[in-house]
Every structure is written in C-alpha cells, then in structure tokens.
Amino acid sequence: RTRIAMPEVSIALFPDVGGSWFLNHAPGQTGEFLALTGASINGADAIYVGIADRFIASEHKDAVIADMLNQQWSDSVERNHALVRHVLRPIAEQSISASPAGQVEPHAATIAQLLDGEDIHDIIDRITSQDTDDPWLAKARESLAYGSKLAALWTHRQLWETRHCGLAQIFQAELQLVTNILRHPEFTEGVRALLIDKDRKPAWQYQNSRDVPKDVIDHFFTAPWDENPLADLN
C-alpha cells in the first residue's frame, strides 16, 4: 500500500534530505519529472527509480517484523546485511504476484519527450500543456500548473548543479538552498495556501517561469555564510 510523492513544488520548496541524490540517479529523466510534478508513485515505482530494494506485500508485514526480531544480530555490518537478505528474499518472492502496476516505467518514454532539452521553461510548458486523458500524467500536469514556478526553476537548477556530486556535497548544496528558500516569502505563501489556510489559492510571485529574473534564481544558489555548516561532512 506504499504511496510516495515529493510534492514540494506545491509549497515552494524542493525535494531535499538527499532528494538531489536519488532523483539524479533515477532512470532517464524520471527523477526530474517526479521532482517538478510531485507525481505519486507506488511500491513498484519506488523499486524502478531506485529508492526501494524489495517489494513485500502488506499481508507479510507482521511476519517480516517477527523474523527480524528472531535474528542473531552482531556488530558485523556484512553479517547483518546478509541476515536482512535472508529474511526478505523468500517473502519478496512470495509477494511478486501482489506487486501493483507501476506508473513511472510505462510512462518513461513520454517523460523523456516532455523533458527533452535543457530549457526548463520549455519543459514546464510541455508538461503543463499536455493534452492527455491519462490520469497519472494529467494529475502531474495539474500539480506543476498549480505549483510555484520559482520553485520549479530552483528545483531544476539544484538537480543540474548536483548531478555529478557525492552525497556530502549534495547535503551541503541542499542546506544552502533550503536556507535561502526559508528566508523568501514564496515558501511562506506556499505553506499558508496548502497547509494552514488550506484555500489552495497561493499568490505566487511569478505566474510564468519566464517572468523570473535570472538574478533572483542566482540568489538562491549564493552562499549566505562564509563557511557551510556542513563543510566537514564526509
């Protein structure tokens, strides 16, 4: 029954806490599509995009927990990993027939077409102007259309700038970006409209991504300190 989404564009944030890592490592352009649209995914999708290892049917949850509690754990990381695999493998095999149909992989070709090219404005236009009856794509379209265009731009740039980064650099970059975002009124308005007043009528500063001046985006990627608080992370 797993449901996962990264809908931060709806509150003018971005997929943080390592999102820049795993979304950049998803197949093709699927990671950026999920980041821009906040599209919901299930267990099969989670395995496809690389944020889950195994599918276990919900009916086996209690059995998994019981088996885990019965293992003789040790200080050996390798041995403990082997024990986890020993517990999960047979239950995962029993769960294959219960796996839901994925949404991401069947739409991978369409996603690649929508995100073809480096101009983020064109990408946003293609996603939000789709003429589709596909429920999953339509919901993704509406989510980006509703969301902050400023957030869509900094999300795209964050993924682009960290595409070759290690995990420590990822966390440093994310801390810098989120610190700047939290000081900006766009985030406050997004939280108000979706989570506090719940009127779903955010007064975004820019209605079109092309209206956002480049120096405004540059500001979010300018360090607000002399040294990143996570500079010693390794």
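Residues numbered from 1 in each chain as written. Predicted model: local features only at pLDDT ≥ 70, side-chain atom pairs only at ≥ 80, totals over all residues. Heavy atoms only, no water.

Trainee: When you look at the overall build of the chain in this model, what are you seeing that I'm missing?
Mentor: Secondary structure assignment for the chain yields 12 helices and 0 strands. Its helices and strands in sequence order give the chain the pattern α-α-α-α-α-α-α-α-α-α-α-α, from N to C terminus. Oriented by its inertia axes, the alpha-carbon framework of the chain measures out at about 60 × 50 × 35 Å. Relative to its 234 residues, the chain shows a buried fraction of 44%. Residue pairs in contact within the chain that sit at least 24 positions apart in sequence constitute 72% of those at least 6 positions apart. Counting only carbon and sulfur atoms, one obtains 51% of the accessible surface of the chain, whose full area is about 12,900 Å². (Helix = DSSP H or I, 4+ residues; strand = E, 2+ residues; numbered from the N terminus. Buried < 20%, exposed > 50% of the residue type's maximum accessible area, 1.4 Å probe, protein only. Contact = heavy atoms within 4.5 Å. Areas by Shrake-Rupley, 256 points an atom, 1.4 Å probe, with all protein chains shown as cover.)

Trainee: Please clarify how helix 2 (residues 30-37) should be interpreted in this entry.
Mentor: Note that an α-helix has 3.6 residues per turn; residues three or four places apart therefore point the same way. Most of helix 2 is tucked away: 8 of the 8 residues are buried. Check the buried side of helix 2 and you find it contacts helix 1 (19-24), helix 3 (43-49), helix 6 (108-114), helix 7 (120-128), helix 8 (135-146) and helix 9 (149-161). Backbone geometry just after helix 2 places glycine 38 at a positive phi near 65°.

Trainee: How do you make sense of the pattern of salt bridges when you look at a structure like this?
Mentor: Proximity of charged atoms lets side chains of opposite charge pair with each other. Applying the stated rule across the entire model yields 9 salt bridges. Residue arginine 210 is joined to aspartate 122 by a salt bridge in which the shortest nitrogen-to-oxygen separation is 2.7 Å. Residue arginine 210 is located in the loop between helix 11 (185-196) and helix 12 (214-220), and its partner aspartate 122 is located in helix 7; the two are separated by 88 residues in the primary sequence. Taking the shortest distance from any N to any O, the salt bridge between aspartate 218 and lysine 214 comes out at 2.9 Å. A residue pair is termed a helical-turn pair when its members lie 3 or 4 positions apart in one helix, as aspartate 218 and lysine 214 do in helix 12 at 4 residues. Note on aspartate 218: relative accessible area 23%, which makes it partly exposed. (Salt bridge = Lys/Arg side-chain N within 4 Å of Asp/Glu carboxyl O.)

Trainee: It is not clear to me how the environment of valine 84 should be interpreted in this structure. Could you clarify?
Mentor: Mapped onto the elements of the fold, valine 84 is located in helix 5 (residues 77-95). Overall, the relative accessible area of 27% leaves valine 84 in the partly exposed class. Sequence separation between valine 84 and lysine 149 is 65 residues; the distance between their C-alpha atoms is 43 Å. Sequence-distant contacts of valine 84, defined by excluding residues within four places in its chain, comprise Met68 and Trp73.

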